[in-house]
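Chain and residue survey
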Amino acid sequence: MKKFLAILLAMLMALCAVSACAEAVNPDDIEDNMTSADGKYVVAFVTDVGQLKDKSFNQGTWNGVKAYASANSLSYKYYQPANGDQATDDDRYDAMKAAVDGGAQVVVCAGFMQEAALRKAAAEFADVKFIFIDGYPIDLDNVAPISFKEEQSGFLAGYAVVKEGFTKLGFTGGGAGTNPACCRFGYGFAQGVNAAAKEMDINVELKYSWEYGSSFQASTELQTMISGWYESGTEIVFACGGSMFQSVAAAASANDGYVVGVDVDQSSESETVVTSAMKGLSAATQWAIAKVFDDTFAEIGGIATSLGAADDAVGLPTDTWSLEKFTVDEYNKLYESIKSGELTVDDAVIEKGDIANVELSNVTLDYIG
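For the structure given in this document, a descriptive report is provided here. Note that the structure is predicted; figures quoted are calculated from it, not measured.

**Thoughts on the overall build of the protein chain**
From N to C terminus, the protein chain includes ten helices and 13 strands. The C-alpha radius of gyration of the protein chain comes to 20 Å, within 12% of the 21 Å expected for a compact globule of 369 residues. With the C-alpha coordinates aligned to their principal axes, the bounding extent of the protein chain is approximately 60 × 40 × 35 Å. Counting across all 369 residues of the protein chain, residues that qualify as buried make up 56%.

**What about the pairing of strand β7 (residues 204-209)?**
Most of β7 is tucked away, with five of its six residues classed as buried. The pairing of strand β6 (residues 168-173) with β7 spans five bridges and is classified as parallel. Along β7, the bridge assignment pairs Gly170 with Lys207. Crossover handedness for the path β6 to helix α6 (residues 180-200) to β7: right-handed. In the sheet, β7 pairs with strand β13 (residues 363-368) via six bridges, with the strands oriented parallel. Across the sheet, Ser209 pairs through a bridge with Ile368, a residue of β13.

**Considerations on the packing of aromatic side chains**
In the structure shown here, the tally under the stated rule is 17 aromatic pairs. These aromatic residues form a ring-pair network of at least three members: Phe155, Tyr159, Trp321, Phe326, Tyr331 and Tyr335. The ring of Tyr93 has Lys120 sitting right over it, with the charged end atom 4.1 Å from the ring centre.

**Observations regarding the environment of Ile226**
Relative to the elements of secondary structure, Ile226 occurs in helix α7 (residues 220-231). With relative accessibility at 0%, the residue Ile226 sits in the buried group. Setting aside chain neighbours within four positions, we find Ile226 in contact with Thr172, Val237, Val248 and Ala251.

**Section: empty space enclosed by the protein**
Summed over the entire model, instances satisfying the criterion amount to one cavity of 30 Å³ or more. One number sums up the size of the largest cavity: a volume of about 30 Å³. Taken together, Asp265, Ser267, Val273, Val274, Thr275, Ser276, Pro317, Thr320, Trp321 and Ser322 make up the lining of the largest cavity.

**Let's talk about the sheet that holds β6**
Pairing is mixed across the open sheet formed by seven strands, whose spatial order is β12-β10-β9-β8-β6-β7-β13. Each edge of the open sheet carries a strand with a single partner, namely β12 (314-315) and β13. This element, helix α5 (residues 150-164), spans β6, β7, β8 (236-240), β9 (258-263), β10 (273-279) and β12 of the sheet and lies at about 160° to β10.

**Notes on the pattern of salt bridges**
One pass over the structure, following the stated rule, counts 14 salt bridges. In this structure, Lys66 and Asp32 form a salt bridge, with 2.9 Å as the shortest nitrogen-oxygen distance. On the criterion of sequence distance, the pair formed by Lys66 in helix α2 (residues 57-71) and Asp32 in the loop between α1 (2-13) and β1 (43-46) is long-range, its members being 34 residues apart. Judged by relative accessible area, Lys66 falls into the buried class, the value being 1%. According to the relative accessible area criterion, Asp32 is buried, its value standing at 18%. Asp134 serves as the salt-bridge partner of Lys279, at 3.1 Å between the closest nitrogen and oxygen.

Conventions adopted
- Residues numbered from 1 in each chain as written.
- Predicted model: local features only at pLDDT ≥ 70, side-chain atom pairs only at ≥ 80, totals over all residues.
- Heavy atoms only, no water.
- Helix = DSSP H or I, 4+ residues; strand = E, 2+ residues; numbered from the N terminus.
- Rg over C-alpha atoms; globule rule 2.2 N^0.38 Å.
- Buried < 20%, exposed > 50% of the residue type's maximum accessible area, 1.4 Å probe, protein only.
- Pairing = 2+ DSSP bridges.
- Right-handed = clockwise from strand over helix to strand, strands pointing away.
- Phe/Tyr/Trp six-rings, centres within 6.5 Å; stacked < 30°, edge-to-face > 60°.
- Lys NZ or Arg CZ within 6 Å of the ring centre and 35° of its normal.
- Contact = heavy atoms within 4.5 Å.
- 1 Å grid on protein atoms, 1.4 Å probe; cavity = no way out; pocket = protein on both sides within 12 Å on 5 of 7 lines; lining within 4 Å.
- Points joined across faces, edges and corners; volume = space filled by probe spheres on them.
- Axes fitted to C-alpha atoms, helices over the stretch in contact; angles between N-to-C directions.
- Salt bridge = Lys/Arg side-chain N within 4 Å of Asp/Glu carboxyl O.

Limitation: the analysis is restricted to geometry and does not speak to function.
Right, dumping it as structure tokens:
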């Protein structure tokens, strides 16, 4: 099963000619809003907090929904829970119910905060298949939880930028230090920073904060804080939290700073982006939806699926590589060491301020509450 999954994900990530995949088509060329002839929408997406087109987590997942549906001539629609970043479990359930009432055979739900609503909706609509992106098993066979090894992607980004010569770094994360994916990204980044610094026999500085990120939204408060970082010497910041990227990129632009993007390749969004810690949201979403329609959903329903380097499902973007001191060849060698298991990245979910208790031999950590 593991080998089979790795092969499928590698094919998707390499843009192979798989009938269920439309990766060869630019997702921006696929309409966000389509009109179904019969008024039914077979494939549905329920967004996480933040904007649909956040250039990050929501958008990456939505691109997978659109790509699969478009390639297979299926109707599709997205549903955003009411009340934006203040959405409640009832708001999320209402969005899922609207999707089912609208004819959905499969509902893709993004973000760990969907759990309570998913439990209710999936139990009530047992004939509908639900895909829980960034999720975990919730004891329902019609829910397929798909998660990623963000710590590996974060490690690669942290290692790369230190090898590139950055020694004063920052991390700002979403979810107030309780979002598992962001926690794995952040701790992985710190591990990569430390590993590279140790190899180079140097000490580096790392500011680390969950401030102003609970809603994953851009804000003047976050931009002001990050501007202060840059003004005090920080050279590059890992912006890990959906639309928070906009605030960090704006602060970087105003202060000649640099940014590490997240979830998808964000280099096209700002000239300040040096690299991005990616996960294969679109490819994994397409792969999971395909299992609904080829009658193999039982292979993932109710079962934890965690995708990482061994599945070619996380990594840095090499097509838009801008690093000069750390080369693609060096990156590929590092990637293979993680893929083979020769190098292991700790996947612990280090929440809130607990990062201050982690031993980082070559990092001076400044945790900001």
